[in-house]
Amino acid sequence: LAHAESPYATETVALAELNPTKASWSRLPSLRVPAGAAPIFIAGSGPPIVLFRTDSCPGALPNSGVYFSPTTETWQEMGPTPNGVPLCANAVTARINNLVFLWPSANQTPTAGAMFDITSGRWTEVPAPPLMPDAATAAGGRVVAIGRGIGTSMSSSPPGPMAALLDPLASQWTLVSRPP
């Protein structure tokens, strides 16, 4: 996804999607961004996804984001996250195909996050990671959270786990030790 206008300058954002097979762009319908929010574009295979973040954390927005439906060629609202999980300026996100994961904020004691399933159109709660996540990605069908021990800074983090894997089917984390 690419946006042609600054998300802070307007409430409507023009978007285009890159088709790497054809090496060309196609224009998507304009996206209306809620007042006080900025879009976060989530990369990955599957339909385009845009989450809305707020700088006034922990205030949650009534609609957490949208995804593009190729069937109807319209943006579909994702609705509020479970238990009002906020999407803050430094939220940690990851994507596995039609699943989007988010945790409210990096650099804080971890709390439960949320997973949106595009196929069902529903949010569900996911457990808090066993570390303070700084970033997340997806690999091998799992979410990989990179971070440090709970309650530590980068420089004072004790030796030990610095990554954790989330199995989305089991909804369970597994700690991974630091590299040698």
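Relevant structure appears above.
Keep in mind it's a predicted model, so treat the numbers as computed, not measured. (Residues numbered from 1 in each chain as written. Predicted model: local features only at pLDDT ≥ 70, side-chain atom pairs only at ≥ 80, totals over all residues. Heavy atoms only, no water.)

This next bit is on the overall build of the protein. Across its full length, the protein holds zero helices and 15 strands. Residues classed as buried in the protein amount to 41% of the 180 residues present. If you take every contact in the protein between residues at least 6 apart in sequence, the share linking residues at least 24 apart comes to 34%. As displayed, the protein has an accessible area near 9,200 Å², and 55% of this comes from carbon and sulfur atoms. (Helix = DSSP H or I, 4+ residues; strand = E, 2+ residues; numbered from the N terminus. Buried < 20%, exposed > 50% of the residue type's maximum accessible area, 1.4 Å probe, protein only. Contact = heavy atoms within 4.5 Å. Areas by Shrake-Rupley, 256 points an atom, 1.4 Å probe, with all protein chains shown as cover.)

Quick look at the side chain of S69 now. Here S69 is to be found in strand β6 (residues 65-69). In contact with S69, not counting residues within four places along its chain, are T74 and Q76.

Glancing now at the pairing of strand β10 (residues 113-117). A regular strand places its side chains on the two faces of the sheet in alternate fashion. With four of five residues buried, β10 lies mostly within the body of the structure. Relative to β10, strand β9 (residues 99-103) is paired through four bridges, and the arrangement is antiparallel. Of the residues in β10, the one forming a bridge with L102 is A114. Hairpin connection from β10 to strand β11 (residues 122-126): four residues lie between these consecutive antiparallel strands, with G121 at a positive phi of about 70°. (Pairing = 2+ DSSP bridges.)

As a further point, take the environment of G79. Following the sequence through the fold, G79 ends up in the loop between β7 (74-77) and β8 (92-96). Separated by 44 residues in the primary sequence, G79 and W123 place their C-alpha atoms 8.2 Å from one another.

Our focus in this paragraph is the sheet that holds β9. Read across the sheet, four strands follow the order β8-β9-β10-β11 without closing on themselves; strand pairing throughout is antiparallel. The sheet is open, and its two borders are formed by β8 and β11, each paired with just one other strand. With direction set aside, neighbouring strand axes in the sheet form an average angle of 20°. (Axes fitted to C-alpha atoms, helices over the stretch in contact; angles between N-to-C directions.)

This part is about the sheet that holds strand β12 (residues 132-139). Read across the sheet, four strands follow the order β12-β13-β14-β15 without closing on themselves; strand pairing throughout is antiparallel. Looking at the sheet topology across the chains shown, the edges are occupied by β12 and β15 (172-176). Taking the axes of each pair of neighbouring strands and ignoring which way they run, one obtains an average angle of 25° across the sheet. Two strands pair when backbone bridges link them, and strand β14 (residues 163-167) and β15 are joined in this way by five bridges, in the antiparallel orientation. Looking at β15, one finds that L165 is bridged to T174.

Attention now goes to the nonpolar core. Ranked by size, the top nonpolar core spans 14 residues in total, and within it F101, W103, M115, V126, V143, L166 and W173 carry the most contacts. Secondary structure elements with two or more residues in this core: β8, β9, β13 (142-148) and β14. Leave out the neighbours within four places in its chain, and F101 touches V92, T93, A94, I96, A114, M115, V126, V143, L166 and P168. I40, I49, L51 and V100 belong to the second-largest nonpolar core, a separate cluster that totals twelve residues. (Core = buried A, V, L, I, M, F, W, Y, C linked by side-chain atoms within 4.5 Å.)

Among the secondary structure elements, T119 is positioned in the loop between β10 and β11. Distance from T119 to N98, taken between C-alpha atoms, is 6.7 Å for residues 21 residues apart in sequence.

Let us look at the packing of aromatic side chains. On inspection of all chains with the given rule, the structure shows five aromatic pairs. Judged by centre distance (5.4 Å) and plane angle (65°), the rings of F68 and W75 are edge-to-face. This pair shows no difference in class: F68 is buried, exactly as W75 is. Centre to centre, the rings of W103 and W173 are 5.6 Å apart; their planes meet at 55°, and the pair counts as tilted. Residue W103 is located in strand β9, and its partner W173 is located in strand β15; the two are separated by 70 residues in the primary sequence. Residue class for W173 comes out buried when judged on its relative accessible area of 13%. (Phe/Tyr/Trp six-rings, centres within 6.5 Å; stacked < 30°, edge-to-face > 60°.)

The values reported here are purely geometric and, on their own, carry no functional implication.
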